[in-house]
Amino acid sequence: MRYRRLVYFVAVAEELSFTRAAERLHMAQPPLSQQIALLEKEMDATLFDRSRRSVRLTAAGAALLPEARRLLTDPDDTTRLVRRIAQGSVGQLSVGFVPSAINGVLADVIRDFRAGHPDVEMTLRERAPDALIRALHDRSLDVAVLYLPIDEPELAHQRLASEELLLALPDHHRAAASSSVALTDLADEAFVLPERHDVPGLHAAIDAAFADAGVTPHVAQRGVWLMQTVLGLVAAGIGLAIVPASVAALNRAGVVLRRLEGAEQRVDLAVVWRPENSSAPLASMLATLPAPPDIAART
């Protein structure tokens, strides 16, 4: 890596324009572009996102800039650093998720990714599904974990887990002794229902379970968001609830979980991201995700 290429790189990074940088360096633009390309080849990393209208630093380029400004005394170390950033081993990753997601496979995904990428600074944000989608669009999140379905053609997603829906009821309820319970036997019972969001997600799956059973639930409490609160209301005798199987991890005293007899409804948890996001840590995380659950095997 030659000194002059660092000078060229700093000029382009500060001007964010090959034309202006060439004028500043008193050279033609094609040789400048060629030198930057050679620098990228040498470092095995893309330093700039280029388009007809704009030039932007990549994560690797942003990491190199302060080092180049200090006129590096150890270029070999810097090359290794930038390569690690380009490979997703160093950098930042912002992850948002609906609260109930952390009760299941998401905890394993986070643990495994952190173990394999200890130098990636991971920021975790717990939000409602609508807020997660907005945050993806405004680029304040790199990736979100929430329940399907979503109707967002500009976003990509991959199924992370498929959970059975279970019945949560007080441990003293008459049906608690059964291993499975039919919703039709609970037609007169009151239920605690989750909050309805623009992203249908969990609420849509629960509505479908009632519809499949031909039951219109009596609502004791509507609009509860956190699964901990749902189970707390069940334990207090406010009503029954339909919940994802992963809430068993909460082990709420006074509440038992039972299978829904004859019900085939499940809820799918998915990882969602912007396809144009060039973040190397995001690419690394997506590459380490477990294989999507086999939809055909659900029934």
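Note: the structure precedes this text.
Undergrad: Would you explain the pattern of salt bridges in this entry?
TA: Side chains that carry opposite charge are capable of pairing whenever their charged atoms lie near each other. Inspection of the entire model under this criterion finds 14 salt bridges. We note a salt bridge from glutamate 15 to arginine 20, for which the minimum N-O separation is 3.6 Å. Classification of glutamate 15 by relative accessible area gives partly exposed; the value is 23%. Classification of arginine 20 by relative accessible area gives partly exposed; the value is 42%. Salt bridges sharing partners connect three or more residues here, namely Glu14, Glu15, Arg20 and Arg24.

Undergrad: What am I meant to see in unusual backbone geometry here?
TA: Across the chain, the bulk of peptide bonds are trans and the bulk of non-glycine residues have phi less than zero. Note that the residue after leucine 148, namely proline 149, is joined by a cis bond; omega there is 10 degrees. Relative to the helices and strands, proline 149 resides in the loop between β5 (143-147) and β6 (156-170). Phi at arginine 139 takes a positive value of approximately 70 degrees, unusual for a residue other than glycine. You can see arginine 139 is positioned in the loop between α7 (129-137) and β5.

Undergrad: Would you explain the nonpolar core in this entry?
TA: Leu146 and Leu183 are the most contacted members of the largest nonpolar core, which has 69 residues in total. No other element matches β6, which puts 7 residues into this core. If you look at the next biggest cluster of nonpolar residues, it comprises 22 residues, including Val10, Ala11, Ile36 and Ala60.

Undergrad: Would you explain the environment of alanine 101 in this entry?
TA: Structurally, alanine 101 can be placed in the loop between β3 (90-97) and α6 (105-116). What makes alanine 101 buried here is its relative accessible area of 1%. A sequence separation of 169 residues divides alanine 101 from alanine 270, and the C-alpha atoms of the two residues are 9.5 Å apart. Not counting residues up to four positions away in its chain, the partners in contact with alanine 101 are Leu106, Val145, Tyr147 and Leu269.

Undergrad: Just to check I follow, could you spell out the packing of aromatic side chains for this structure?
TA: For the structure on display, the rule yields 3 aromatic pairs. For the ring pair phenylalanine 18 and phenylalanine 48, a centre distance of 5.9 Å and an interplane angle of 65 degrees mean the geometry is edge-to-face. With phenylalanine 18 in helix α2 (residues 18-25) and phenylalanine 48 in strand β1 (residues 48-50), the pair connects residues that are 30 residues apart, well separated along the chain. When sorted by exposure, phenylalanine 18 lands in the same class as phenylalanine 48, which is buried.

Undergrad: Even after reading the chapter, I still don't get the environment of serine 54, so can you show me in this structure?
TA: Relative to the helices and strands, serine 54 resides in the loop between β1 and β2 (55-57). Sequence-wise, serine 54 and phenylalanine 18 are 36 residues apart; in three dimensions their C-alpha atoms are separated by 9.7 Å.

Undergrad: Is there a simple way to think about helix α3 (residues 29-43) in this case?
TA: An α-helix turns once every 3.6 residues. As a result, residues three or four positions apart point the same way. Look at α3: 21 Å from first C-alpha to last across 15 residues, which is about the 21 Å you get at 1.5 Å a residue. Looking only at α3, the buried set comprises Leu32, Gln35, Ile36, Leu39, Glu40 and Met43. When α3 is viewed along its axis, its buried side chains cluster within an angular range of 140 degrees and face the same direction. Exposed residues pointing more than 90 degrees away from the buried face of α3 are listed as Pro30 and Lys41.

Undergrad: Which parts of the structure should I look at to understand the pairing of strand β12 (residues 266-273)?
TA: Along any regular strand, the residues point their side chains to alternate faces of the sheet. Within β12, 7 of the 8 residues are buried, which leaves it mostly tucked inside the rest of the structure. Sheet analysis places β5 next to β12, joined by 5 bridges and oriented antiparallel. Opposite alanine 144, over in β12, you have valine 272 as the bridge partner. Sheet topology places β6 next to β12; 8 bridges connect them, and they run antiparallel. Paired with glutamate 163 across the two strands is valine 267, which belongs to β12.

Undergrad: Please clarify how the side chain of glutamate 40 should be interpreted in this entry.
TA: By the element assignment, glutamate 40 lies in helix α3. In this structure, glutamate 40 is in contact with Ala45, Thr46, Leu47, Phe48 and Arg50, ignoring residues within four places of it in sequence.

Undergrad: Would you take a moment to explain the pairing of strand β8 (residues 190-194) for this structure?
TA: For β8, the buried fraction is high: 4 of the 5 residues fall into the buried class. Sheet topology places β8 next to strand β9 (residues 218-224); 4 bridges connect them, and they run parallel. Looking across to β9, one finds that alanine 190 is bridged to histidine 218. Taken together, β8, helix α8 (residues 201-213) and β9 form a β-α-β motif whose crossover is right-handed.

Undergrad: Would you mind going over the packing of α2 against α3 with me for this structure?
TA: Relative to each other, α2 and α3 sit at 105 degrees, their axes nearing to 9 Å. Here α3 runs roughly perpendicular to α2, going by the angle between their axes. The segment α2 lies against α3, with Phe18, Thr19, Ala21, Ala22 and Leu25 engaging Gln29, Leu32, Ser33 and Ile36. Tallied by class, residues from the contact of α2 with α3 come to 6 nonpolar, 3 polar and no charged.

Reading the values: rules and limits
- Residues numbered from 1 in each chain as written.
- Predicted model: local features only at pLDDT ≥ 70, side-chain atom pairs only at ≥ 80, totals over all residues.
- Heavy atoms only, no water.
- Salt bridge = Lys/Arg side-chain N within 4 Å of Asp/Glu carboxyl O.
- Buried < 20%, exposed > 50% of the residue type's maximum accessible area, 1.4 Å probe, protein only.
- Helix = DSSP H or I, 4+ residues; strand = E, 2+ residues; numbered from the N terminus.
- Core = buried A, V, L, I, M, F, W, Y, C linked by side-chain atoms within 4.5 Å.
- Contact = heavy atoms within 4.5 Å.
- Phe/Tyr/Trp six-rings, centres within 6.5 Å; stacked < 30°, edge-to-face > 60°.
- Expected span 1.5 Å × (residues − 1).
- Arc of directions from axis to C-beta.
- Pairing = 2+ DSSP bridges.
- Right-handed = clockwise from strand over helix to strand, strands pointing away.
- Axes fitted to C-alpha atoms, helices over the stretch in contact; angles between N-to-C directions.
- Parallel < 35°, antiparallel > 145°, perpendicular 65-115°, else oblique.
- Nonpolar A, V, L, I, M, F, W, Y, C, P; charged D, E, K, R; others polar.

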